[in-house]
Amino acid sequence: MTGGLKDEETEEYIHAPFIRKQGNIYKPNNKTMDDDSINEKTMQDVHTKEIDLVNRDPKHLNDDVVKVDFEDVVAEPAGTYSFDGVWKASFTTFTVTKYWCYRLLTALVGIPLALVWGIFFAILSFIHIWAVVPCVKSYLIEIHCISRVYSICIHTFCDPFFEAMGKCLGGIHVRTIKEV
């Protein structure tokens with residue numbers, strides 16, 4: 001087999017051919033100048049996708065966790081009100097302090113933590129792809145062989161015994177009679 005499979009109606013490659021007829025192995029999407037008839041799909045790089053700067057939690061991961069406003073922390077019950085100016089200044093101080101401390105912490109610690117979490121999930125992906133899945137597949141292959149041997153043993157030795165016991169005990173009938 002030296003080439004990819006072709007669809008008879010469209011005459012386009014479904015799979016890439018094994019022998020590259022054009023382009024560079026390091027840049028597989030470049031074309032030669034004289035061959036513009038081949039339709040190649042351009043693949044988008046997942047690392048260069050655009051991020052949404054307005055909606056920064058599109059999957060709603062932190063909806064119930066970090067929504068803490070002034071009213072959630074400080075509240076004055078009826079009859080024990082402070083001066084209006086103190087209440088407004090407290091609200092402004094709380095809100096501005098929370099906002100700027102968060103921004104300062106993300107500026108100082110956000111990028112190093114992003115690096116740590118990127119490394120962590122890269123290691124987790126590596127372990128899953130190169131260790132966990134092959135071990136599970138290997139285990140399933142091995143257990144399939146063991147299950148076939150176990151099934152043969154059960155059918156060979158246990159089935160005749162249980163069939164014989166079923167025939168012996170199948171004729172027993174139990175009746176209950178209530179005597180008064």
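Residues numbered from 1 in each chain as written. Predicted model: local features only at pLDDT ≥ 70, side-chain atom pairs only at ≥ 80, totals over all residues. Heavy atoms only, no water.

Counting its secondary structure elements, the protein contains two helices and zero strands. Burial analysis of the protein (180 residues in total) assigns 1% to the buried set. Contacts in the protein between residues at least 24 apart in sequence constitute 11% of all its contacts with a sequence separation of at least 6. Surface summary for the protein: the accessible area is close to 17600 Å², and the carbon and sulfur share equals 65%. (Helix = DSSP H or I, 4+ residues; strand = E, 2+ residues; numbered from the N terminus. Buried < 20%, exposed > 50% of the residue type's maximum accessible area, 1.4 Å probe, protein only. Contact = heavy atoms within 4.5 Å. Areas by Shrake-Rupley, 256 points an atom, 1.4 Å probe, with all protein chains shown as cover.)

Looking now at the UniProt feature "transmembrane region" (unreviewed entry) in the protein. When the UniProt feature table is mapped to this numbering, "transmembrane region" (unreviewed entry) covers residues 104–131. Secondary structure across residues 104–131 divides into 100% helix and 0% strand, with the first and last C-alpha atoms of the span separated by 39 Å. (UniProt positions renumbered as here; feature names shortened; annotations may be inferred.)

This next bit is on the pattern of salt bridges. For the structure on display, the rule yields one salt bridge. Linking Asp69 and Lys98 is a salt bridge whose minimum nitrogen-to-oxygen distance equals 4.0 Å. Here Asp69 is found in the segment before helix 1 (70–73), whereas its partner Lys98 is found in helix 2 (residues 84–169), with 29 residues between them in sequence. A residue is classified by how much of its surface remains accessible, and Asp69, at 43% relative accessible area, is partly exposed. (Salt bridge = Lys/Arg side-chain N within 4 Å of Asp/Glu carboxyl O.)

Below, the discussion takes up the confidence of the model for the protein. The pLDDT averaged across the protein works out to 79; a share of 73% of its residues lies at or above 70. Across residues 15–21, confidence stays below pLDDT 50; counting only partners more than four residues off in sequence or on other chains, it has 12 contacts. Low pLDDT, under 50, characterises residues 31–42; the predicted model gives this stretch nine contacts beyond four residues in sequence or across chains. (pLDDT = per-residue confidence, 0-100.)

Turning next to the packing of aromatic side chains. For the structure shown, the criterion picks out eight aromatic pairs. Each ring, one from Tyr99 and one from Trp100, has its centre 5.3 Å from the other, and the planes form 85°; the classification is edge-to-face. Ring plane angle 80° and centroid distance 5.2 Å describe the contact between Phe120 and Phe121, whose orientation is recorded as edge-to-face. For Phe121, a relative accessible area of 45% translates into the label partly exposed. Members of the aromatic cluster, joined through ring pairs, are Phe70, Trp87, Phe91 and Phe94. Directly above the aromatic system of Trp100 lies the positively charged group of Arg103, at a separation of 5.7 Å from the ring centroid. (Phe/Tyr/Trp six-rings, centres within 6.5 Å; stacked < 30°, edge-to-face > 60°. Lys NZ or Arg CZ within 6 Å of the ring centre and 35° of its normal.)

Attention now goes to unusual backbone geometry. Phi at His60 takes a positive value of approximately 55°, unusual for a residue other than glycine. Tracing the backbone through its elements, the reader meets His60 in the segment before helix 1.

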